[in-house]
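Each chain, letter by letter, is given below.
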Amino acid sequence: MAANISLQSSSIRDVTKMERIGAHSHIHGLGLDSNLEPRANSQGMIGQGKARKAAGVILKMVQEGRIAGRAILMAGPPSTGKTALAMGMAQSLGSDVPFVMLTASEVFSLEMSKTESLTQAFRRSIGVRIKEETELIEGEVVEIQVDRSITGATKTGRLTLKTTDMETVYDLGSKMIDQLQKEKVLAGDVVSIDKASGRISKLGRSFGRAKDYDAMGADTRFVACPDGELQTRKEVVHTVSLHEIDVINSRTQGFLALFAGDTGEIKPELRDQINTKVAEWREEDKAEIVPGVLFIDEVHMLDIECFSFLNRAMENELAPLVVMASNRGITRIRGTKYKSPHGIPADLLDRMLIIATKKYEEDEIKEIVKIRAEEEDVKLSEESLDLLSTMGIQTSLRYSLNLIAPSNLIAQRRKSNIVENQDVKLAYKYFCDVDRSATYAKETSGMMFGETEIDDQPLQNNGNIQSNGNGNGNGMQIDGQ
Ligand SMILES: Nc1ncnc2c1ncn2[C@@H]1O[C@H](COP(=O)(O)OP(=O)(O)OP(=O)(O)O)[C@@H](O)[C@H]1O
Ligand SMILES: [Mg+2]
């Protein structure tokens, strides 16, 4: 049997060049200038000027960090850039401002109650910037001496460090000796030792030793020998989220749970304790709160219990900015019999600032298709670009973006690097858009599986999908469950 197992090296493909390209990987920000005016084509963003500007204003609010408990709703037809705008916002926030993305359906998990998972999401979106002063010993290694006892069980030694102004000998215990060996510290290295934890980090090799005969790698970094005292103080700032503090401090979880992602439910008393502690740190000026953004996509999937939780949670002092997105029109609020705009209860809607996203014009679609083609490394001929943009208007932007990759494959089949009209047409034939798929479903009505209704309420709008007809209707999906 073993003889049959082979690796078949010829069939092992070269995967090093493979890179995955996400739907929003072309977006690098909101593309606004310093006055928050949208640039026509910047950071991967095209058109949707008003919504981009509104998102920019909200970002300013977050960055100033004073306003808690606001909610924003991005409402508009499918593929009008709601998720894209959120990604743009995420990229424009500072590096330590938390941005947490959640799809409403993730809240419904068997392991955790809905409110617990929303609470965790809230606390993941609040950062705590902690300032710590640490004492370091920084200097160039002059000599390391290790004395081994006869049995070899205990090790002691001495480390001589110098700056340009002084030189000191430190006694070493076996832990430090092990660390020095692990880090491969040699005479001539410039090292920094954290006094509290004893951690050693190598900063580089001293310039003074640059000419030494030594086997050095090409990536050896040279640094100057430090001056002044060997002992220095440094302020280090690090940002963790409230949720991380919760997990680390919950006895049943421990910090390993952070890596496993399996954090389970956390007791409310623990959260209270942590809030009090953080408040203390703030008073002592040791910590700052960094409110971030919680983005809840497809928010119509939340149910009435979640919404009432959100109403209350947003009033908390430690609340992030909550941004939600929905493409639904008037639809049923989950868990009730009532309908409401976007499936969101009126009292919550009333607390929100609503940003509307609009359908794109043909020239905007053309620019977006162009950017996406570049992102996917596909060359489109002028005509095929026009064709894809026209399709974008007649079907949907997403559909024409989705056709880029198949058209490219079809072009490659005929050994061409450039996608021409014929390739796009073939791709259009192979893959249905929503309109054609709906027509097909109607034609085959009764032949497909699972068409008998279970719900006691009759479906409206021919099976739940309201297509845009000629594409330029107002396009909101109305789902009449
Ligand atoms: N203004 C824009 N500039 C550049 N790319 C955009 C823009 N708007 C949308 N896109 C791109 O078009 C595609 C569809 O947009 P997106 O996913 O943001 O739509 P959506 O409004 O979230 O739709 P849905 O309601 O179906 O979730 C994405 O690949 C997105 O990156
Ligand atoms: Mg979306």
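Above this text is the structure in question.
Residues numbered from 1 in each chain as written. Chains lettered and ligands numbered in written order. Predicted model: local features only at pLDDT ≥ 70, side-chain atom pairs only at ≥ 80, totals over all residues. Heavy atoms only, no water.

Colleague: I would appreciate a short explanation of the overall build of the protein chain in the present structure.
Modeller: Counting its regular elements, the protein chain contains 14 helices and 19 strands. Nonlocal contacts in the protein chain, meaning residues at least 24 apart in sequence, comprise 65% of its contacts between residues at least 6 apart. Working note: accessible area of the protein chain is about 28200 Å², and carbon and sulfur atoms make up 51% of it. (Helix = DSSP H or I, 4+ residues; strand = E, 2+ residues; numbered from the N terminus. Contact = heavy atoms within 4.5 Å. Areas by Shrake-Rupley, 256 points an atom, 1.4 Å probe, with all protein chains shown as cover.)

Colleague: What is the right way to look at the sheet that holds strand β3 (residues 71-75) in this model?
Modeller: Hydrogen bonds along the backbone pair up the strands of a sheet, which may run parallel or antiparallel. With respect to topology, five strands assemble into an open sheet ordered β4-β13-β14-β3-β17, the strand pairing being parallel. Each edge of the open sheet carries a strand with a single partner, namely β4 (99-103) and β17 (352-356). Strand-to-strand twist in this sheet, taken as the mean axis angle between neighbours without regard to direction, amounts to 20°. The pairing of β4 with strand β13 (residues 293-297) spans five bridges and is parallel. (Pairing = 2+ DSSP bridges. Axes fitted to C-alpha atoms, helices over the stretch in contact; angles between N-to-C directions.)

Colleague: What should I look at first to understand the side chain of Thr444 in this one?
Modeller: Mapping Thr444 onto the fold places it in the segment after α14 (434-443). A relative accessible area of 9% means that Thr444 is categorised as buried. Looking at Thr444, its side chain comes within polar contact range of the main-chain oxygen of Tyr440, at 2.9 Å. (Buried < 20%, exposed > 50% of the residue type's maximum accessible area, 1.4 Å probe, protein only. Polar contact = N/O pair within 3.5 Å; in protein donor to acceptor, adjacent residues only side chain to side chain.)

Colleague: Explanation requested: the packing of helix α11 (residues 382-394) against helix α13 (residues 421-430) in the structure shown.
Modeller: The N-to-C vectors of α11 and α13 enclose an angle of 30°; their axes lie 8 Å apart at closest approach. Taken as axis vectors, α11 and α13 run roughly parallel relative to one another. Between α11 and α13, the contacting residues are Glu383, Ser384, Leu387, Leu388 and Met391 on the first element and Asn421, Val424, Lys425 and Tyr428 on the second. Residues belonging to the contact of α11 with α13 are distributed by class as follows: five nonpolar, two polar and two charged. (Parallel < 35°, antiparallel > 145°, perpendicular 65-115°, else oblique. Nonpolar A, V, L, I, M, F, W, Y, C, P; charged D, E, K, R; others polar.)

Colleague: Can you help me understand α11 in this one?
Modeller: Residues spaced three or four apart along an α-helix point in a common direction, a consequence of the helix completing one turn every 3.6 residues. For α11, with 13 residues, the first-to-last C-alpha span of 19 Å sits near the 18 Å given by 1.5 Å per residue. Taken as a whole, α11 has its buried residues at Ser384, Leu385, Leu388, Ser389, Met391 and Gly392. The buried residues of α11 all sit within an arc of 160° when viewed along its axis, so they share a single face. Those residues of α11 that are buried lie in contact with α10 (362-375), β18 (379-380), α12 (397-413), β19 (418-419) and α13. (Expected span 1.5 Å × (residues − 1). Arc of directions from axis to C-beta.)

Colleague: Is there a simple way to explain unusual backbone geometry in this structure?
Modeller: Backbone geometry follows two general trends: most residues other than glycine have a negative phi, and most peptide bonds adopt the trans configuration. The phi torsion at Asp285 lies on the positive side, around 65°, for a residue other than glycine. Tracing the chain through its elements places Asp285 in the loop between α7 (268-283) and β12 (287-291). Exposure remark for Asp285: the relative accessible area of 55% places this residue in the exposed category. The phi angle at His342 is positive, at roughly 60°, despite the residue not being glycine. Checked against the element boundaries, His342 lands in the loop between β16 (339-341) and α9 (346-350). Given a relative accessible area of 11%, His342 falls into the buried group.

Colleague: Please clarify how the site of ligand 1 should be interpreted in this entry.
Modeller: Neighbouring ligand 1 are 21 residues, the closest being Ile46, Lys82, Thr83, Tyr360 and Arg398. For ligand 1, an oxygen atom lies 2.9 Å from a polar atom in the side chain of His24. A distance of 3.0 Å is found between an oxygen atom of ligand 1 and a side-chain nitrogen or oxygen belonging to Asn327. Taken together, the elements giving at least two residues each to the shell around ligand 1 come down to β2 (45-46), α2 (82-92) and α12. The class makeup of the residues in the shell around ligand 1 is 10 nonpolar, eight polar and three charged. Of the residues that make up the shell around ligand 1, three or more belong to each of domain 1 (20-125 + 292-359) and domain 3 (362-438). (Near = heavy atom within 4 Å. Domains from an automatic or database assignment.)

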